Structures are given as structure tokens and as C-alpha cells.
Amino acid sequence: MTTIAKSKKSKVLNVLLWIAQGLIALTLIWAAYAKLVQPIEETAKMLPWALDNPGLLTFTGIIDLLGGIGIILPAALKMQPKLSVFAAYGTIALMIAASIFHISRGEASLIGMNIFFLILAVFVVWGRTKKAPILPKH
């Protein structure tokens, strides 16, 4: 493969990784908004368990917010970009936990989005550690 072809392939991969990171970030920040800012009655329409366990709702909202910020901001600022990889690992753990939670509640049909975001997070970990790492500013 020529140097130009490798460079083009690397740029495409980098763009795809940024898209994946952006999708994860937007989704997690949206979820944080729904859990932390929106009235609980509105959130309960989407997440019926919210009324039963507002503490879990707040906890998961904070985790979502931190994950959404963490997956994009350190990489975008090139300040400790490895933290974005750690946030992707956290997203993987979060999606596994969310899937288990839904399955335990008899809501296995709802885990499709969790699996989708888990796959995106695995892609980010792979890409940002092996193929297109972001180097910190010096």
C-alpha cells in the first residue's frame, strides 16, 4: 500500500472515530439532561423505574454526564487524550450494566441501543489505542 493510500485510510478512520465519539458524547449528555435536569415525571415516561429509584436516576445521570464529557473533551483539547479512551472503557462497562439492568427487569427488548453504543465504544478503544491515537500537546 502506498504512503498516500495509508494516509487517506488513516484520515478516514480518524473521522469515523470522531463521529463515534461524538455520537456517544451526544447520547450520554442527552441522557444526563433527561436524568438530571428534566422533571422526573417527564423522565419517568421514558424510564418507568425513575419514580421508584430517584437515587439511581441521579447516579446514572452523573455517570452519563461524566462519560459524555470524558469521551470527547480530553481528545479534542489534546490534554490527556488517553482519558477519552478510559471514558470509552467506562462506556463499555456502563452499557453492559444497563443491559443487565434491563434484562433483570424483563426488558431485554430494550438493550439494542446499549449494544450499539457498546460496539461504538469498543471501536473507539480499538481505534484510539491501536490505529489512530491522539497525541497530547507538548
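These remarks concern the structure in this document. In this text, all values refer to a predicted model and were calculated from it rather than measured experimentally. (Residues numbered from 1 in each chain as written. Predicted model: local features only at pLDDT ≥ 70, side-chain atom pairs only at ≥ 80, totals over all residues. Heavy atoms only, no water.)

What follows concerns the packing of helix α1 (residues 3-36) against helix α3 (residues 54-70). What describes two packed helices is the angle between their axes and the distance between those same axes. Orientation of α1 relative to α3, taken along the N-to-C sense of each, is 150°, at an axis distance of 8 Å. In terms of axis orientation, α1 runs roughly antiparallel to α3. When you trace α1 past α3, the crossing you get is left-handed. Every residue of α3 that contacts α1 at A25, L28, I29, A31, A32, K35 and L36 is listed here: L57, T58, T60, G61, I62, D64, L65, G67, G68 and I69. (Axes fitted to C-alpha atoms, helices over the stretch in contact; angles between N-to-C directions. Helix = DSSP H or I, 4+ residues; strand = E, 2+ residues; numbered from the N terminus. Parallel < 35°, antiparallel > 145°, perpendicular 65-115°, else oblique. Left-handed = near helix turned anticlockwise from the far one by under 90°. Contact = heavy atoms within 4.5 Å.)

Put simply, α1 and helix α5 (residues 82-104) touch, their axes get as near as 12 Å, and they point 60° apart. With respect to their mutual orientation, α1 and α5 come out oblique. The crossing of α1 and α5 is left-handed. Here Q21, I24 and L28 of α1 come into contact with α5, specifically with S84, T91, L94 and M95. Its residues placed into classes, the contact of α1 with α5 shows four nonpolar, three polar and no charged. (Nonpolar A, V, L, I, M, F, W, Y, C, P; charged D, E, K, R; others polar.)

Within this model, the largest pocket holds a volume of roughly 770 Å³. Taken together, 26 residues line the largest pocket, and the ones lying closest to its centre are K35, L47, A98, H102 and N114. Residue classes in the lining of the largest pocket are distributed as 18 nonpolar, five polar and three charged. (1 Å grid on protein atoms, 1.4 Å probe; cavity = no way out; pocket = protein on both sides within 12 Å on 5 of 7 lines; lining within 4 Å. Points joined across faces, edges and corners; volume = space filled by probe spheres on them.)

Let us now look at the nonpolar core. Of all hydrophobic cores here, the largest spans 15 residues; its most connected members are I24 and I71. Elements that contribute at least two residues to this core include exactly α1, α5 and α6 (112-131). Ignoring anything within four residues of it in the chain, the contact list for I71 reads Q21, I24, A25, S84, A87, A88 and T91. Core analysis: the next-biggest nonpolar cluster, separate from the first, contains five residues, A44, L47, W49 and A50 among them. (Core = buried A, V, L, I, M, F, W, Y, C linked by side-chain atoms within 4.5 Å. Buried < 20%, exposed > 50% of the residue type's maximum accessible area, 1.4 Å probe, protein only.)

Okay, the side chain of Q21 next. Inspection of the secondary structure puts Q21 in helix α1. Polar side-chain contacts of Q21 include one of 2.9 Å to the side chain of R128. If we skip the residues at most four places from it in the chain, Q21 touches I71, I72, A75, S84, V124 and R128. (Polar contact = N/O pair within 3.5 Å; in protein donor to acceptor, adjacent residues only side chain to side chain.)

Let us now look at the environment of L28. In this fold, L28 is placed in helix α1. Each C-alpha atom of the pair L28 and G67 lies 6.7 Å from the other, and the pair is 39 residues apart in sequence. Once residues lying within four places of it in the same chain are set aside, the contact partners of L28 are D64, L65, G67, G68, T91, L94 and M95.

Describing an aromatic ring pair means giving the distance of the ring centres and the angle of the ring planes. A complete count under the given rule lists three aromatic pairs for this structure. Between the aromatic rings of W49 and F101, the centroid separation amounts to 5.3 Å while the plane-to-plane angle is 75°, which identifies the pairing as edge-to-face. Remark: F101 occurs in helix α5 and W49 occurs in the loop between α2 (40-46) and α3; sequence separation between them is 52 residues. Taking relative accessible area as the criterion, W49 reaches 8% and is therefore assigned buried. (Phe/Tyr/Trp six-rings, centres within 6.5 Å; stacked < 30°, edge-to-face > 60°.)

Another point: unusual backbone geometry. With a phi angle near 55°, K78 is a residue other than glycine that sits in the positive phi range. You can see K78 is positioned in the loop between α4 (73-77) and α5. The class for K78 is partly exposed, based on a relative accessible area of 41%. Unusually for a residue other than glycine, Q80 sits at a positive phi of about 55°. Looking at the secondary structure, you find Q80 in the loop between α4 and α5.

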